Amino acid sequence: MSKVFALVDCNNFYASCERVFDPRLEGKPVVVLSNNDGCIVARSNEAKALGIKMGAPAFQWEDLFKKNNVTVFSSNYSLYGDMSERVMETLEQFTPDMEVYSIDEAFLSLKGIPPSEVTDYVRRIRATVRRWTGIPVSIGVGQTKTLAKTASKIAKNNPRTGGVFNITDHPEIDTLLDNMPVADVWGIGPRHEIFLKRFGIHTARQLRDAHDIWVRKHLTVAGLRIVFELRGVSCIPLEEMPMPKKGILSSRSFGRPVEYLSELKEAMATFVSRAAEKLRAQRSAAHILHVFLLTNRFKEDEPQYSNSATTVLPVPSSYTPELIRYAHTLLEILYKPGYRYKKTGVFLTEIVPENEIQTSLLVPGYPYERNREVMELVDRINARWGTDTVRYASEGIQREWSMRRERLSPHYTTVWSEIPVVKA
């Protein structure tokens, strides 16, 4: 067996992060809400057992929350991001080859681990992550990334596995794939599910055994790779260096309706700053800036308005003040008084590597080096002392338009004043 992959998946990640710093919540129902405390985005197993639905509007479940003493949190993304980094740093101790797939998932290469020792090895990984970070994880092992993903679903959903399932040495893999709906196969989305079921393909095994020519014709080469992976042929390698994003969106719904251009400009400056930070983090610059503005379409008794505008920068840039200036110009064009706005945002596209920026004869003497040095200094300060240690005045001070976060837990790991203190 030339290749073996493990998929490490943090269990109920956001809820688990909250429990790490409040052990009293262990064994009790916990839910985490989306921006503006809108919808349910994470549930503990106890909350799932109460029938609480993922993505459901929180206000519809308030009575059940109170009746069953459900603990409810606003999303604390700085905490979750920091805890994710701690989990990934722990996993790096066990393999030099790893792909961070999402905030709560990572693929590991187990190449070099003897087959007879693989299961014990990943159990040690699981125990170490729990001991070092407090986060419970499930781990699936397979000859391919797709099979590892399949095994991780089994590990998570079947308590008898103890959180670890190795599909490579399972004697009844056909039965396992027979019992897995085709929709649960990694890479098969809702549209593919509907299409496959029309042709009688309802399970992972039926997809695995489909004819290669038919699969390539209807699911393209990407679908054929999935089929080969289900057969144990590795076709999807680890992506140890994530590809740079081709587009960066920064936007949030407001905590309350916004009517004045001054507040919209504050919000826009904040969103542009975040987008520019992401650009610089991947050493890129954007050539096109797109701004949008809209009201709350669910408020049928209020006048509705939405619009967007785009500009092409003369030189691709990641210089925050410049991007803010262009965004504010577009916002002034879009803004109409008399409306209660719900959301605005910026979308950066035509992204190019910073070392491949094409100069323009129309912008002689563009200060590339000075802009780069200024932004590097700002990013270093904020990385060391925390987000928004240095920010632009145009982002505002009070930010009364900010999203609602009435149930926000402390920033236990990223704000000095909120670090837990043990008293004798």
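Residues numbered from 1 in each chain as written. Predicted model: local features only at pLDDT ≥ 70, side-chain atom pairs only at ≥ 80, totals over all residues. Heavy atoms only, no water.

Caption draft 1: Broad picture of a positive patch on the surface. Together, Lys245, Arg252, Lys278 and Arg405 make up a positively charged patch on the protein surface. Examined against the element boundaries, Arg405 turns out to sit in the segment after helix H13 (368–385). What makes Arg405 partly exposed here is its relative accessible area of 30%. (Patch = residues over 30% accessible without salt bridge, like charges linked within 9 Å, V, L, I, M, F, W, Y side chains within 5 Å. Areas by Shrake-Rupley, 256 points an atom, 1.4 Å probe, with all protein chains shown as cover. Salt bridge = Lys/Arg side-chain N within 4 Å of Asp/Glu carboxyl O. Lys, Arg positive; Asp, Glu negative; His and termini not counted. Charge placed at Lys NZ, Arg CZ, Asp CG, Glu CD. Helix = DSSP H or I, 4+ residues; strand = E, 2+ residues; numbered from the N terminus. Buried < 20%, exposed > 50% of the residue type's maximum accessible area, 1.4 Å probe, protein only.)

Caption draft 2: Representation of the pattern of salt bridges in the model. Applying the stated criterion to the full structure yields 23 salt bridges. Notably, a salt bridge pairs Glu302 with Arg340, separated by 3.0 Å at the nearest N-O pair. Of this pair, Glu302 sits in the loop between strand S10 (284–295) and strand S11 (306–317) while Arg340 sits in the loop between helix H12 (320–334) and strand S12 (341–353), placing them 38 residues apart in sequence. Among the ionic contacts, a cluster of salt bridges with common partners joins Asp174, Asp178, Arg205, Arg208 and Asp209.

Caption draft 3: Highlighting a nonpolar patch on the surface. A cluster of nonpolar side chains, namely Trp385, Trp416 and Ile419, defines an oily patch on the protein surface of about 430 Å² accessible area. Note that Trp416 resides in the segment after H13. With relative accessibility at 73%, the residue Trp416 sits in the exposed group.

Caption draft 4: The nonpolar core, seen in detail. If you look at the biggest cluster of nonpolar residues, it comprises 35 residues, and the most contacted ones within it are Leu91, Ile125 and Ile139. Where this core is concerned, the elements lending two or more residues are strand S1 (5–10), helix H1 (13–20), strand S2 (30–33), helix H4 (77–91), strand S6 (105–109), helix H5 (118–133) and strand S7 (137–142). Tallying contributions element by element places H4 first for this core, with six residues. Ignoring anything within four residues of it in the chain, the contact list for Ile139 reads Ala6, Leu7, Val8, Val122, Ile125, Arg126, Ser152, Ala155, Gly163, Val164 and Phe165. (Core = buried A, V, L, I, M, F, W, Y, C linked by side-chain atoms within 4.5 Å. Contact = heavy atoms within 4.5 Å.)

Caption draft 5: View of H5. With 16 residues, H5 should reach 22 Å at 1.5 Å per residue; the first-to-last C-alpha distance of 22 Å fits that figure. For H5, the full list of buried residues reads Val118, Tyr121, Val122, Ile125, Thr128, Val129 and Thr133. Buried residues of H5 fall within an arc of 115 degrees about the axis and therefore sit on the same side. Across from the buried face of H5, at angles greater than 90 degrees, the exposed residues are Asp120 and Arg131. (Expected span 1.5 Å × (residues − 1). Arc of directions from axis to C-beta.)

Caption draft 6: Summary view of the packing of aromatic side chains. The full count for this structure, using the stated rule, is 16 aromatic pairs. Ring geometry for Phe94 and Tyr121: centres 5.9 Å apart, planes at 80 degrees, overall edge-to-face. With a gap of 27 residues between them, Phe94 in the loop between H4 and strand S5 (98–102) and Tyr121 in helix H5 connect regions that are remote in the sequence. Taken individually, Phe94 and Tyr121 each receive the classification buried, so the pair is uniform in this respect. An angle of 75 degrees between the planes, with centres 6.2 Å apart, marks the rings of Tyr305 and Tyr341 as edge-to-face. Linking Tyr305 in the loop between S10 and S11 with Tyr341 in strand S12, this pair joins segments that are 36 residues apart in sequence. On the basis of relative accessibility, which here comes to 10%, the residue Tyr305 falls in the buried class. Taken together, the aromatic side chains of Phe13, Tyr14, Tyr77 and Tyr80 make up a single cluster linked through ring pairs. Over the face of the ring belonging to Phe107 we find Lys145, whose NZ or CZ atom lies 4.8 Å from the ring centre. (Phe/Tyr/Trp six-rings, centres within 6.5 Å; stacked < 30°, edge-to-face > 60°. Lys NZ or Arg CZ within 6 Å of the ring centre and 35° of its normal.)

Caption draft 7: Representation of the side chain of Ser284. Summarising the element assignment, Ser284 is placed in strand S10. Under the relative-accessibility criterion, Ser284 is labelled buried at 3%. Within the structure, Ser284 has its side chain in polar contact with the backbone oxygen of Gln282 (distance 3.2 Å). Excluding its chain neighbours within four sequence positions, the residues that come into contact with Ser284 are Leu279, Ser318, Ile351, Val352, Pro353 and Glu354. (Polar contact = N/O pair within 3.5 Å; in protein donor to acceptor, adjacent residues only side chain to side chain.)

Caption draft 8: Molecular detail of the sheet that holds S12. Taken in spatial order, the four strands of this open sheet run S9-S12-S10-S11, and their pairing is antiparallel. The open sheet has two edge strands, strand S9 (248–258) and S11, and neither has a second partner. When strand polarity is set aside, the average angle formed by the axes of neighbouring strands in this sheet is 15 degrees. When S10 meets S11, the two strands line up antiparallel, connected through eight bridges. When the sheet's bridge partners are listed, Ile288 is paired in S11 with Val312. In the packing of helix H11 (residues 261–281) onto the sheet, contacts are made with S9, S10, S11 and S12, and the angle to S9 comes to roughly 155 degrees. (Pairing = 2+ DSSP bridges. Axes fitted to C-alpha atoms, helices over the stretch in contact; angles between N-to-C directions.)

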